[in-house]
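Architecture and fold: a report
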Amino acid sequence: MDSTTLEALEYHEVLSELSGFSTTPLGRAKILAEHPSTDIIAVEERFKEVGELSRLLDSGPRLPLGGIEDLRPILNRPMPEGSYLLNEDLRFIGSTLSCLVLLKGVSSERFSQDYLKTGIAIDSITDHSDLSYELSRIFDSTGKIVDDASVNLNRIRKEIRDILVRAREVMARLLRDRGLKEVLQEEYASIREDRHVLAIKAAKHNEFDGVVHGRSGSGETFFIEPMALVELNNRRSVLRRDEAIEEIAILRAVTADVVEYRAEILADLETAALLDSLQTRALFSREISGVIPVLRSEGGIKLSNARHPLLELKAARGEGVVIPINIEIAEEHKVVVISGANTGGKTVALKTLGLLTLMAMSAIPISAGDGSEVRLFSRIMADIGDSQDIIASLSTFSAHIRRLGQFLSDSGPGSLVLVDEIGSGTDPSEGGALALSSLDTLAATGATSVVTTHLNMLKAHAQSDPAYLNVSVEFDEKTLHPLYTLCYGVPGPSLGLSIAKSLGMPAELVEKAQRYLGTEESAFIESVRMLEEEREELRQRLESATELERKRTAAVASLREGRAELLSKVQSRIDAVVAEATKEIRRSAESIKFIPTGSPDSIAPVIKEINATGARVVERITKVPRFVPAEGDSVTIKDLRQKGVVISVDAENEKAEVRVGALKVSVDFARLERTEGTKPGKGKAAKGRGRRGKSASQEVRIDADMKVSRSLNLLGMRVEEAEPLLNRFIDNGHAEGLDTVEVIHGVGTGRLKAGVDSILLAHPSVKSFALGDRARGGGGVTIVELK
């Protein structure tokens, strides 16, 4: 990807934000050096690693990467034999090695099982425990070599300390000597050239026995080393040289150890940088509510709930709100034309598409919804923003044309071309014609182009050419506020005059501008408006149908639950009645034991009582109160415990049609009872209210007896006769919970089969259907799969 495209799509700004989540300098540098890849296998592998780090973060703390510094400038220096690193460099190396040891300690057998790829990376780190310990033993926190770094160094420094103690004692004695009061300029000792000296008056310096090491700027003071300290100071100087030699020997030895493991340390630093870059991606994904998309090497694009990542970051920090958009481009659409009002979000949509694609190609989770699909394009080219170049004497139009010319020469299969306001900056007719010609040429090369425009010529062409797709940014014309959502299949009006009026342009001026619009231009704008209105009407109808289907499904589910509950209660009631009858019969049978043998007259009353008991049992089980409903009655379907209103009565067959919510249910009289608290005919008013505002096509009729056959024979019927029977058959089968049913229609002329197909296609409860196999009737039978 060329730098102009990356700059136009704000790719480096995203990398900069991403790097802010890194822990180490090496990880930060690795992020900033990222570049989109077209190798889908490599990107998918990297995304798997990012996903693993995300799981790790969800279950515990971050990887301990803190304190791992960039040692490459030190380790990559030429180090010939005998050379050595300085204290600070070695201390720096030691602290980093201790952090690498800590990181390696994270891994375990269980860890590697749960986080395979991360575990492999950590296990690859060399165990630097010994070298880390050696460096921490030699240097203190300031980088100074400690006394115990070697036995010889410890001896030398101990002798130096002893000499210092003796020297201080000598100096203290001299300062207390009253005979020296007159020659001392100051009553304190100082150090000159690493020798202990006293400040002696210039006029008296010949009276003091010692070695002169300097004179003050004023000449009033001589700094003289007392003769009593010369031997001690000489010894200390020798020891200081010995100390320096020993320290260099120590530095050479430990430097040799570092050099021995230099390659391993550099490799481990690279591993740490990789782990940091992966953890950084996972943390960034959390911040932007990101997902790992499905990657495609060809085909279309699907970005659900996509948000521009920089806007998402601002929103996460409380700086505004970001509105997600859905971007879908089918493979057959080679040119996408985005149009609509100014400030409506066209350019943001264009940038979001390009930037999320670049992020996915860099294995960075994208700010979109689950299931999003990104195509890895071989080349992405973008022209967004004002490309005017005063130095090169290029106008905005000239700069855009030059850039478009580059796209035409460089594009090919797998290219994505993004152009903001294509054809602008010149006469609209010529700009539109040039834009169309360029887009056709790009499409012919196999490239996918996404452009924004206000040119009606492009919108009109996109509406008629199947290789083009019109997309509009939605805009509330009443409030004149953008909605920032995308609508597919229709162009968007620019609404320049409406926006101008809302921004304070005089109304009479706007009306005059409206009159200046040509007839064809006005007609096109009006047709776009009509398309918008039709789209809104379709959307409302779809919402209504969806709500109806929801209510229908809920009603059917309620009927099923009520039926099961009622059957359970009926069975319980029968069991209770039978148990009670059994007790009565046993009591009657017990009385027979007390009747004398061979006494028929005595047995007769007992038999009569048993018969009476049986009759009572039968009456309890079978006796049902007689209820004849009338149209308009509010009733309850007893076995289903569903309330409704009677809308028609079939007295001859003792059936009533009852409206239960959005359903029409055919029910036997015996299964109905009047709803408590209502009077006959009271439901008629409810019937009238229930029908207003809802067409008959929105009601669903089912047979509530639930005795549903799996087969329907329509042989010999016309389509008009078969339609109500087939609809009721499907409704009943769906209500009963059947998975599949079969419809017998025969072969014949094929008209009945075609009619059945049309009915099944329109029925909301049908999932799929197909002709039966030879064993089930072949082409004369359709097998229907229900939802």
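Residues numbered from 1 in each chain as written. Predicted model: local features only at pLDDT ≥ 70, side-chain atom pairs only at ≥ 80, totals over all residues. Heavy atoms only, no water.

**A closer look at the sheet that holds strand E4 (residues 221–226)**
- Sheet architecture is open: four strands sit in the order E1-E2-E4-E3, paired in antiparallel fashion. Of all the strands in the sheet, the pair left with one neighbour each is strand E1 (184–192) and strand E3 (210–215). This sheet shows a mean twist of 35° between the axes of neighbouring strands, independent of strand direction.
- Alignment of E3 against E4, held across five bridges, turns out to be antiparallel. Among the inter-strand pairings, Val-212 is bridged to a residue of E4, identified as Ile-224.
- Packing against the sheet, helix H10 (residues 151–176) makes contact with E1, strand E2 (195–201) and E4, and its axis sits at approximately 15° to E2. (Pairing = 2+ DSSP bridges. Helix = DSSP H or I, 4+ residues; strand = E, 2+ residues; numbered from the N terminus. Axes fitted to C-alpha atoms, helices over the stretch in contact; angles between N-to-C directions. Contact = heavy atoms within 4.5 Å.)

**What about the environment of Thr-448?**
- With respect to the helices, strands and loops of the structure, Thr-448 is situated in strand E12 (residues 448–452).
- Residue class for Thr-448 comes out buried when judged on its relative accessible area of 5%.
- Between the C-alpha atom of Thr-448 and that of Val-417, which follows or precedes it by 31 residues, the distance is 6.2 Å. (Buried < 20%, exposed > 50% of the residue type's maximum accessible area, 1.4 Å probe, protein only.)

**Describing the sheet that holds strand E21 (residues 711–713)**
- Strand order in this open sheet of four strands is E21-E22-E24-E23, and the pairing throughout is mixed. One side of each edge strand has no neighbouring strand; the edge strands of this open sheet are E21 and strand E23 (766–771). For this sheet, the mean inter-axis angle between neighbouring strands, taken without regard to orientation, is 20°.
- When strand E22 (residues 740–744) meets strand E24 (residues 781–786), the two strands line up antiparallel, connected through five bridges. When the bridges of E24 are listed, Val-741 appears paired with Val-784.
- Contacts between helix H24 (residues 751–762) and the sheet are confined to E22, E23 and E24, with E23 contributing the most and set at about 160° to the helix.

**So, the pattern of salt bridges**
- Under the criterion given, the structure shown has 30 salt bridges.
- Notably, a salt bridge pairs Arg-281 with Glu-34, separated by 2.7 Å at the nearest N-O pair. Residue Arg-281 is located in helix H12 (residues 262–287), and its partner Glu-34 is located in the loop between helix H3 (25–32) and helix H4 (40–59); the two are separated by 247 residues in the primary sequence.
- By relative accessible area, Arg-281 is classed as buried at 1%.
- A relative accessible area of 14% means that Glu-34 is categorised as buried.
- Salt-bridge contacts for Asp-70 lead to Arg-72; the nearest nitrogen and oxygen are separated by 2.9 Å.
- Its relative accessible area of 35% is what places Arg-72 among the partly exposed residues.
- Through salt bridges with shared partners, a single network forms among Asp-147, Arg-157, Arg-161, Arg-240, Glu-243 and Glu-247. (Salt bridge = Lys/Arg side-chain N within 4 Å of Asp/Glu carboxyl O.)

Shape is all these values report; function is a separate question.
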